[in-house]
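Here are the chains, one letter per residue:
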Amino acid sequence: MDKLFVIAVGGTGMRCLESFVHLCAIGMFDSREIEVLTLDTDQTNGNKGKVEELIRLYNRVKSSDTNEGGTPNVNTFFSTKLNLYRFFTNYSGKGRENYKNLSKLSTGSAEQQRDNKLLSDLFLDTRSVQEFNLAHGYRSQTHLGSLLMYHGIAEAAKNIAKGVYVLPQEKELEQFIAKLEKAGEHARVFVFGSVFGGTGASAIPVIPKALQDFVRIRSAGASSIDLSRTKFAATLLTEYFTFRKPDDKQRSTKEDSVIADASFFPLNSQAALQFYQSDPTVQCSYKLLYHIGWPVEGKRADEGQDNGKTITGGAEQKNGCHITELISACAAFDFFTRSSHLDSARAEYLYKAVAFSNNAFSFTADDFVGNLDRAGEVFANKLGAFFSLAHISLTANGGARGEAGIKAFINLLQKQKIDQYEAINETECADINDYFKHFAYSFDKDKFIPGWIYQIRNSIAPGSFIFNNKAFPDNLAELSKLDVGTIFSDDKYHWPKSLISSRYDIFVKKLIDSGPSEQQKVNTTKEKFLAHLYNAISNSQGFHLN
């Protein structure tokens with residue numbers, strides 16, 4: 001069985017990783033341990049910080065007193081073990097703020113200085129591209145970004161080889177690559193990133209080669225990664241959102257003289273795709289390239305943000321989630337689970353279409369993961385079960401409003417003589433509640449805060465997305481009336497009810513017959529509790545997958 005690796009690059013890559021983590025939470029990668037690397041130039045990027053905190057929260061949910069991060073399970077929630085590594089290029093120190101300083105154009109002999117300057121000036125504008133601050137990324141300057149991203153990874157390898165001044169993020173990169181090197185031909189590496197922006201578009205072409213050279217430099221040529229045998233794949237995610245156009249006042253400042261302009265995203269995407277098609281390094285390094293795009297006008301990523309300027313990066317960059325990011329995560333699922341088209345000498349392109357009529361998309365479960373071995377039904381069952389449980393925690397038991405949530409549900413189970421989970425403490429329950437808030441929704445006093453799945457749904461409104469529109473109420477009054485057993489558009493997956501009992505009451509009473517099994521490989525009390533709920537909700541939904 002191949003070892004699985006994920007690399008998320010840039011702001012868009014981080015949001016794709018967010019969707020991927022939620023796929024792990026619903027149980028789409030049973031029995032697997034996955035190594036995850038976040039790669040960015042901007043260590044303060046809001047999207048990066050958000051997904052890294054999500055993974056830490058995921059791992060707290062899985063952790064026990066004796067095993068941090070837990071162990072892989074089968075047919076349950078949080079069934080995947082995730083190991084997080086973080087690397088960001090260092091542009092914060094003196095002399096590292098911009099290309100001109102970083103490349104040391106003013107060092108060496110007079111002849112070397114002249115040649116270096118002529119070469120730099122040929123490809124990079126002298127007064128803007130060579131001098132803008134790199135702390136917020138490459139700002140759509142992909143020609144500069146590819147050079148510097150490769151340089152950052154190679155520099156980390158040199159520092160590790162010397163054993164001096166090794167930064168914490170360089171050590172984490174080395175740990176990730178060491179596992180990749182050990183896996184060898186049994187490694188599958190999926191790269192999340194866009195092709196229309198800066199950091200992701202810069203990194204995708206060079207990542208396989210940079211990782212290969214990292215191993216070669218660190219080992220002084222004694223070891224390497226065989227790119228013809230290690231299996232790499234990536235998203236080619238073209239433009240799907242837009243944002244405020246920078247005005248002349250913002251452009252007039254030195255720090256923002258080079259800045260991303262969303263009006264150029266379509267052209268950036270076209271140029272990138274032409275490059276990937278013709279570049280021999282890309283074609284020979286990747287086995288599969290998943291071409292994902294949004295064929296209608298993109299929504300404003302900065303909608304509701306009224307600070308009068310284009311956000312270039314940093315903590316303010318926290319864009320909402322979009323369905324193309326979920327599709328990208330499902331592309332990783334396809335790559336990690338497929339058994340064909342993994343040994344070609346040149347990259348193959350994959351894409352799919354979704355029904356579109358009356359200016360709206362209609363997404364079915366099969367559109368995300370296909371229908372081989374009933375994959376679409378498995379996906380719908382797992383996502384639906386997790387969504388229902390989120391509503392149970394957040395609304396039925398008050399978790400979204402800061403009340404007990406999962407702990408209150410455990411207390412309810414005790415009334416049904418299911419008392420084996422009372423040892424799960426309030427901190428552990430709070431972690432589960434918090435994860436559901438990220439996944440679904442929360443409240444800031446009376447203000448509704450949409451989580452991941454609500455944002456995914458909103459990105460295709462007024463189109464359809466697996467679940468009934470009534471499954472997405474966004475105020476306390478409507479949430480209180482929600483029947484958690486009727487979230488699917490297809491009523492054959494609604495939970496059973498009777499003349500005298502609600503679906504929720506019948507579900508609670510039936511829990512006694514749905515305990516965890518040995519096949520689910522759950523050991524701790526918390527794992528058994530989550531597996532018990534997974535079984536009960538799956539049985540109620542009636543997909544009959546076994």
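Reading guide: rules and limits
- Residues numbered from 1 in each chain as written.
- Predicted model: local features only at pLDDT ≥ 70, side-chain atom pairs only at ≥ 80, totals over all residues.
- Heavy atoms only, no water.
- Helix = DSSP H or I, 4+ residues; strand = E, 2+ residues; numbered from the N terminus.
- Areas by Shrake-Rupley, 256 points an atom, 1.4 Å probe, with all protein chains shown as cover.
- Phe/Tyr/Trp six-rings, centres within 6.5 Å; stacked < 30°, edge-to-face > 60°.
- Buried < 20%, exposed > 50% of the residue type's maximum accessible area, 1.4 Å probe, protein only.
- Pairing = 2+ DSSP bridges.
- Axes fitted to C-alpha atoms, helices over the stretch in contact; angles between N-to-C directions.
- Expected span 1.5 Å × (residues − 1).
- Parallel < 35°, antiparallel > 145°, perpendicular 65-115°, else oblique.
- Left-handed = near helix turned anticlockwise from the far one by under 90°.
- Contact = heavy atoms within 4.5 Å.
- Salt bridge = Lys/Arg side-chain N within 4 Å of Asp/Glu carboxyl O.
- Right-handed = clockwise from strand over helix to strand, strands pointing away.
- Polar contact = N/O pair within 3.5 Å; in protein donor to acceptor, adjacent residues only side chain to side chain.
- pLDDT = per-residue confidence, 0-100.
- Nonpolar A, V, L, I, M, F, W, Y, C, P; charged D, E, K, R; others polar.

Digging into the overall build of the protein chain
Line of reasoning, step 1. A tally of helices and strands in the protein chain yields 20 helices and 14 strands.
Line of reasoning, step 2. When the accessible surface of the protein chain is split by element, carbon and sulfur atoms take 50% of a total near 24,000 Å².

Comments concerning the packing of aromatic side chains
Line of reasoning, step 1. Taken as a whole, this structure holds 49 aromatic pairs when the rule is applied.
Line of reasoning, step 2. The interplanar angle of 85° and the centroid separation of 5.5 Å between the aromatic rings of Phe-5 and Phe-176 together place this pair among those described as edge-to-face. Placement of the pair is Phe-5 in strand β1 (residues 3-9) and Phe-176 in helix α6 (residues 168-183), with a sequence separation of 171 residues.
Line of reasoning, step 3. Assessed through its relative accessible area of 0%, Phe-5 is described here as buried.

A short note on the sheet that holds strand β14 (residues 464-465)
Line of reasoning, step 1. A sheet is described by the order of its strands in space; here three strands give the open sequence β10-β11-β14, paired in mixed fashion. The open sheet has two edge strands with one neighbour each: β10 (355-357) and β14.

Here's the deal with the sheet that holds strand β9 (residues 348-350)
Line of reasoning, step 1. Overall, parallel pairing links the seven strands, which are arranged β3-β2-β1-β4-β5-β7-β9 in an open sheet. The outermost strands of the open sheet, each flanked by one partner alone, are β3 (81-88) and β9. Neighbour-to-neighbour, the strand axes of the sheet open up by a mean angle of 20°, direction not taken into account.
Line of reasoning, step 2. As judged from the eight bridges shared by strand β2 (residues 33-40) and β3, these two strands associate in the parallel manner. Residue pairing for β3: Glu-33 is matched across the bridge by Lys-81.

Looking at α6
Line of reasoning, step 1. Over its 16 residues, α6 runs 23 Å from end to end, which matches the ideal 22 Å to within 8%, given 1.5 Å per residue.
Line of reasoning, step 2. Of the residues one or two after α6, Gly-184 is the one with positive phi, at around 55°.

Quick notes on unusual backbone geometry
Line of reasoning, step 1. Cis geometry marks the peptide bond from Ala-461 to Pro-462, where omega comes out at 10°.
Line of reasoning, step 2. Within the secondary structure, Pro-462 sits in the loop between α17 (452-459) and β14.
Line of reasoning, step 3. A positive phi is found at Asp-373, a non-glycine position, where the angle reads about 55°.
Line of reasoning, step 4. Positionally, Asp-373 belongs in the loop between α13 (365-369) and α14 (375-396).
Line of reasoning, step 5. The exposure class assigned to Asp-373 is exposed, which follows from its relative accessible area of 69%.
Line of reasoning, step 6. Positive phi values are uncommon outside glycine, yet Ile-466 reaches one of about 60°.

Quick look at the packing of α14 against helix α20 (residues 525-541)
Line of reasoning, step 1. For the pair α14 and α20, the least separation of the axes is 9 Å and the interaxial angle reads 110°. When the interaxial angle is binned, α14 and α20 end up roughly perpendicular. The element α14 and its partner α20 pack so that their crossing is right-handed. The segment α14 lies against α20, with Asn-381, Lys-382, Gly-384, Ala-385, Ser-388 and Leu-389 engaging Leu-533, Tyr-534, Ile-537, Ser-538 and Gln-541.

Some words on the environment of Ser-31
Line of reasoning, step 1. As for its position among the elements, Ser-31 is in the loop between α1 (10-26) and β2.
Line of reasoning, step 2. Between the C-alpha atom of Ser-31 and that of Asn-75, which follows or precedes it by 44 residues, the distance is 8.7 Å.
Line of reasoning, step 3. Setting aside anything within four residues of it in sequence, one finds Ser-31 in contact with Pro-72, Asn-73, Val-74 and Ser-79.

Things to note about the pattern of salt bridges
Line of reasoning, step 1. Tallied over the entire structure, the rule returns 24 salt bridges.
Line of reasoning, step 2. Between Asp-213 and Lys-209 there is a salt bridge, and its shortest N-O distance comes to 3.5 Å. Taken as a pair, Asp-213 and Lys-209 lie in helix α8 (residues 207-218) at a separation of four residues, close to a single helical turn.
Line of reasoning, step 3. Overall, the relative accessible area of 6% leaves Asp-213 in the buried class.
Line of reasoning, step 4. A cluster of three or more residues bridged by salt bridges with shared partners is formed by Glu-53, Arg-56, Arg-60 and Asp-431.

A few points about the pairing of β2
Line of reasoning, step 1. Taken across its eight residues, β2 has seven buried, putting it largely inside the fold.
Line of reasoning, step 2. Of the pairings in the sheet, the one linking β1 to β2 comprises six bridges and is parallel in character. Bridge assignment links Val-6 to a residue of β2, and that residue is Val-36.
Line of reasoning, step 3. In this region the chain leaves β1, passes through α1 and returns to the parallel neighbour β2; the handedness of that crossover is right-handed.
Line of reasoning, step 4. Between β2 and its parallel partner β3, the chain crosses via helix α2 (residues 46-62), and the hand of that crossover is right-handed.

Things to note about the environment of Asp-213
Line of reasoning, step 1. In this structure the C-alpha to C-alpha distance between Asp-213 and Ile-153, which are 60 residues apart in sequence, comes to 8.7 Å.
Line of reasoning, step 2. Among the polar contacts made by the side chain of Asp-213, one reaches the side chain of Tyr-150 at a distance of 2.5 Å.

Notes on helix α12 (residues 323-337)
Line of reasoning, step 1. Helix length check: α12 (15 residues) gives 21 Å between terminal C-alpha atoms against 21 Å at 1.5 Å per residue, within 8%.
Line of reasoning, step 2. With 13 of 15 residues buried, α12 lies mostly within the body of the structure.

Points about the confidence of the model for the protein chain
Line of reasoning, step 1. Averaged over the protein chain, the pLDDT score is 87; the fraction of residues at 70 or greater is 84%.
Line of reasoning, step 2. Per-residue pLDDT, averaged within each element of the protein chain, yields its smallest value for helix α9 (residues 248-251) (53) and its largest for strand β4 (residues 187-192) (98).
Line of reasoning, step 3. Note that pLDDT drops below 50 for residues 310-317; the model gives that stretch 29 contacts with residues more than four away or on any other chain.

Re the packing of α1 against α14
When two helices pack together, you describe them by how their axes are tilted relative to each other and by the distance separating the axes.
Line of reasoning, step 1. Interhelical geometry of α1 versus α14 gives an angle of 90° and a closest axis separation of 9 Å. Taken as axis vectors, α1 and α14 run roughly perpendicular relative to one another. Of the residues in α14, those touching α1 at Leu-23, Ala-25 and Ile-26 are Phe-379, Lys-382, Leu-383 and Phe-386.
Line of reasoning, step 2. Broken down by class, the residue content of the contact of α1 with α14 amounts to six nonpolar, no polar and one charged.

Quick look at the pairing of strand β7 (residues 288-292)
Line of reasoning, step 1. Counting buried residues in β7 gives four out of five residues, a clear majority hidden from the surface.
Line of reasoning, step 2. In the sheet, strand β5 (residues 231-237) pairs with β7 via five bridges, with the strands oriented parallel. Bridged to Leu-237 within β7 is Ile-292.
Line of reasoning, step 3. Here β7 runs beside β9; their pairing, made up of three bridges, is parallel. The residue bridging Leu-288 from the neighbouring strand is Glu-348, located in β9.

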